[in-house]
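Architecture and fold: a report
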Amino acid sequence: MTPNDGQIDLLIRRFATRVPAPADGGAHLDADELNAFAEGALPAAARSRYVSHLVECDQCRRHVSDLAIASGAVGRVSEELPEQRKTIGWWATLVGLFSLPVLRYAAFAAVLVIIAGVAFVALRRRPVAPELVASNEQRQEQPVSAVKPETYAGDAPNREGTVKTSQPPSVSQTPLPAGVASTTDTLPKVDTAKLPETKALEPSKEIAAAEMDPMKKAETVVPVQQPSYAPAPPGQSQSGGRFSQGQVQGGAAQSLGALKTQQADKSQSEERERDATKDARLDDAARQQANQSVLARRSADEKQKGGPSRNMDNVAMNRSANEMPRTESPRKSDGAPADEEARQTRSAGGRKFVRQGNRWVDQKFKSSMSLNNISRGSDEFAALDSGLRSIAQQVGGEVIIVWKGKAYLIK
Amino acid sequence: MSLTPKQIDDLMLAGARRALARAGNARALDAQYLTGRLRAVTDKYIFKHDPAADAAAIDSFLDGLHADALCLVLACERGDDHAWNDLFEGFGATVRSAARSASSNEAMADDVAQSIWAELHGLKSREDGKPGGKLAYYSGVGSLGGWLRAVVGQLAIDQHRRQTKLVQAEEDSDLDRMALDETDGNGDGTFQQSATPEDLLSINLASADVEKALAQALAELPDEDRLLMKLYYFDGLRLKEAGAVLGVHEATASRRLTRIHGEVRQKVESTLMKEHGWTKAEAARSLSEVAAQLQTDVEPMLLAQSDSTVQRSMT
């Protein structure tokens, strides 16, 4: 109760004791009306009339009060109200959530959250950006670093730990982030020693190298990380100064291409040897690729002998860069462009698939295997292993998948 | 548009049939017999206050009647002994309890309880030869037990009046009023002892003005609010009891009372400002001063009231 309420309360109490009781109106409410009022059973119109009478008639009001108290209306009203209060409370709570005072604070909180989110994103991106740039530069310029100009050859030890080897020394010697240094520290010294010799990759080779998938990049890096695998011939390295710059560049490209092709052909030849026993078509492809590997080896041998065969190396490089994941068509060697696109390979779920007509065939598939024909969407398809279904969904169309020693033709 | 007599009769007949169907024990009453009572009850509680009541309101009212109690009462009026036995067995305890509550002593309670049954049965016969007891006034709107308590209460008051020739409530009220007037009139109040005659005069004038404005503000309140004020301030009921009379919870009554306080204060200040040309601050200050003086004045008054109450209870 507020002080103002207390003052009015006092005044009314005083007033109530001083005002004489009004004279009875004469017509009192009968017992039935009194009881009906006390029990709250009256229609609205009648109740309104009786309220007016009760205000003026002390006697009837006392009767009604006694009846209401005696009939247990006090407890009845107290019991009924909690449910009503609960409903009102729920509704009031719901309305209160969207009331203006609450929305005022909610808007303020929303602004704070937005500011915090923007700040978080901004602060989070800032340290990450140099790493991303460094890694991209490293990966993309790694091949380029192998074709440094000859004028920087004497600076090779100083350039260790730098990535942008194609840039002038003044730029490359600028301090770099720790992440960049750590990545470049892993580069072998042999690579930097070979840098002046392997600079002059042609633009097409650079583009091809940049477009290589990660596997090819890894293959490109692997021979660099194993410098003892294909060291440059002593005669070539010593006589490099006597050669023209184009010859030096060509020799570096040849040696790099030979390393790549040897590594790639080694794995491909193994696969193709397996494939050769599978299918007649695959036999043709394996044969063709075997020829290519022989060609690459021959070029490598010629390189080692000091007689660079630039044409052969270029062919090997191009194939290793662009066509390595693909299975060469037997007719590709014949130079038919339509046949080059007829055969394609793709990977799904860690498996390689060869396109044969309208059908993708798992390279593990053998002609001796019996095929289980399964339609997509059928119950049999639904009953397959999730891994098998996932591969089928990734490949799409008709596909032959070898799964757990069984071959499935999924249409 | 008000209903035609034929429509009303049809509504009564249909209502009587529904009441008989609703009653657990119809006591072999027919709808036609019940229709007459229903028509009288409807006239009393519906058409008297709302002559244009529609059929839905009438149906709702008739369906809210206590059908079982009404059939029992009608059967008693018809002279059904089984019904009388049921009435006595079912409500004898209620009558005795009500008599004890309404009477000041046990002997008077027994007297009231004995005479109530005679009143219910009717010592005099009506024009149709049937006993003209008080049961004829039961409508079925409220419960039969509550109606019996009300009848017992009225009977107890009548007997008390006949015995003492005095109304105790009025006597108490007069005694209290006399005591209060004596306190105010002889100048024994606390603040009056310390106040100068000039202050006393101004305070009395201000108090009279405030009291007049207060009476006007209370008179302008709606009847529901006035009834709450009467029950709480004039009859001395607790908020819980006052709320029960009005059919609302104590918390609701409290909120309503707080609202009334604000309205009354606003009206009193407005009246004081209008009649005396005071500013709002002056009106508020006058109210505060009068209330503060009342605070010191009310305490001995309340003490005197409590003393007189204790003395009455001891006697």
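Since the structure is predicted, the reported quantities are computational estimates derived from the model, not experimental observations. (Residues numbered from 1 in each chain as written. Chains lettered and ligands numbered in written order. Predicted model: local features only at pLDDT ≥ 70, side-chain atom pairs only at ≥ 80, totals over all residues.)

Our focus in this paragraph is the overall build of chain B. Looking only at helices and strands, chain B has 14 helices and zero strands in total. Of the regular secondary structure in chain B, the N- to C-terminal order runs α-α-α-α-α-α-α-α-α-α-α-α-α-α. (Helix = DSSP H or I, 4+ residues; strand = E, 2+ residues; numbered from the N terminus.)

Here we take up the packing of helix 5 (residues 81–102) of chain B against helix 7 (residues 144–164) of chain B. Residue and element names in this part refer to chain B. The N-to-C vectors of helix 5 and helix 7 enclose an angle of 35 degrees; their axes lie 9 Å apart at closest approach. Pair helix 5 / helix 7 crosses with right-handed handedness. Contacts from F91, T94, V95, A98, A99 and A102 of helix 5 reach helix 7 at L144, G145, L148, R149, V152, G153 and A156. (Axes fitted to C-alpha atoms, helices over the stretch in contact; angles between N-to-C directions. Left-handed = near helix turned anticlockwise from the far one by under 90°. Contact = placed C-beta atoms within 7 Å.)

Nonpolar side chains in soluble globular proteins tend to end up buried together. In terms of nonpolar packing, the biggest core is built from 95 residues, with A99, V152 and L214 of chain B touching the most fellow members. A total of nine residues in this core trace back to one element, the largest contributor, which is helix 4 (residues 67–77) of chain B. In contact with V152 of chain B, not counting residues within four places along its chain, are V95, A98, A99, A102, V112 and I116 of chain B. In terms of nonpolar packing, the next biggest core, distinct from the first, is built from 14 residues, V354, I374, V395 and Y408 of chain A among them. (Core = buried A, V, L, I, M, F, W, Y, C linked by C-beta atoms within 7 Å. Buried ≥ 20, exposed ≤ 12 C-beta atoms within 10 Å, placed from the backbone.)

Further remarks concern the packing of helix 4 (residues 58–70) of chain A against helix 7 of chain B. Between two packed helices, both the angle of their axes relative to each other and the distance between the axes serve to describe the pair. Across the interface, helix 4 of chain A lies against helix 7 of chain B with an axial gap of 10 Å and an inter-helix angle of 140 degrees. With respect to their mutual orientation, helix 4 of chain A and helix 7 of chain B come out oblique. Seen along the crossing, helix 4 of chain A lies across helix 7 of chain B with a hand that is right-handed. Of helix 7 of chain B, the residues touching helix 4 of chain A (which contributes H63, D66, L67 and A70 of chain A) are G146, R149, A150 and G153 of chain B. (Parallel < 35°, antiparallel > 145°, perpendicular 65-115°, else oblique.)

Moving on: the pairing of strand 6 (residues 406–410) of chain A. Residues and elements named next belong to chain A. With four bridges joining them, strand 4 (residues 371–374) and strand 6 adopt parallel strand pairing. The residue of strand 6 that forms the bridge with I374 is I410. The pairing of strand 5 (residues 398–403) with strand 6 spans five bridges and is antiparallel. The residue of strand 6 that forms the bridge with W403 is K406. The loop that links strand 5 with its antiparallel partner strand 6 comprises two residues; one of these, K404, has a positive phi angle of about 55 degrees. (Pairing = 2+ DSSP bridges.)

The next point concerns the pairing of strand 2 (residues 351–356) of chain A. Residue and element names in this part refer to chain A. Pairing geometry for strand 1 (residues 345–348) and strand 2, over four bridges, is antiparallel. What sits directly across from A348, in strand 2, is R351. Between strand 1 and strand 2, which pair antiparallel one after the other, the connecting turn spans two residues, and G349 there sits at a positive phi close to 60 degrees. Across four bridges, strand 2 lies against strand 3 (residues 359–362) in antiparallel orientation. Paired with Q356 across the two strands is R359, which belongs to strand 3. Taking the residues between adjacent antiparallel strands as the criterion, strand 2 and strand 3 are bridged by two residues, where G357 takes a positive phi near 65 degrees.

Within the sequence span of helix 2 (residues 31–47) of chain B, burial applies to L34, T35, R37, L38, V41, T42, Y45 and I46 of chain B. The secondary structure elements touched by the buried residues of helix 2 of chain B are helix 3 (44–56) of chain A together with helix 1 (5–22), helix 3 (55–63) and helix 4 of chain B.

On to the interface of chain B and chain A. Opposite the 57 residues of chain B that make contact, chain A presents 49 residues. If you list the elements that add at least two residues to the side of chain B that touches chain A, you get helix 2, helix 7, helix 8 (168–185), helix 10 (197–219), helix 11 (223–234), helix 12 (239–246), helix 13 (250–276) and helix 14 (280–314) of chain B. If one sorts the elements of the side of chain B that touches chain A by residue count, helix 11 of chain B sits on top with nine residues. Looking at side-chain class alone, the side of chain B that touches chain A contains 29 nonpolar, 17 polar and 11 charged residues. (Nonpolar A, V, L, I, M, F, W, Y, C, P; charged D, E, K, R; others polar.)

All names here are of chain A. Reading across from one edge, 1-2-3-5-6-4 is the order of the six strands in this open sheet, with mixed pairing throughout. Edge strands, defined here as strands with exactly one partner in the open sheet, are strand 1 and strand 4. On average, each strand axis in the sheet is tilted by 25 degrees relative to the strand beside it, whichever way the strands run. Sitting on the sheet, helix 18 (residues 386–395) touches strand 1, strand 2, strand 3, strand 5 and strand 6, and the angle it makes with strand 5 is about 150 degrees.

Time to look at the confidence of the model for chain B. When pLDDT is low, close inspection of the predicted coordinates is not appropriate. All names here are of chain B. With 77% of its residues at a pLDDT of at least 70, chain B reaches an overall mean of 80. The weakest mean pLDDT in chain B belongs to helix 9 (residues 190–194) at 43; the strongest belongs to helix 3 at 93. Contacts of residues 178–193 to residues separated by more than four positions or lying in other chains number 19 contacts, the stretch itself having pLDDT below 50. Counting contacts from residues 298–306, a segment whose pLDDT is below 50, to residues more than four positions away or on other chains yields 11 contacts. Overall fold confidence for the complex sits at a pTM of 0.48, while the interface term, ipTM, reaches 0.78. (pLDDT = per-residue confidence, 0-100.)

What follows is about the environment of D68 of chain B. Looking at the secondary structure, you find D68 of chain B in helix 4. Ignoring sequence-local partners within four residues, the contact set of D68 of chain B consists of A23, G24 and N25 of chain B.

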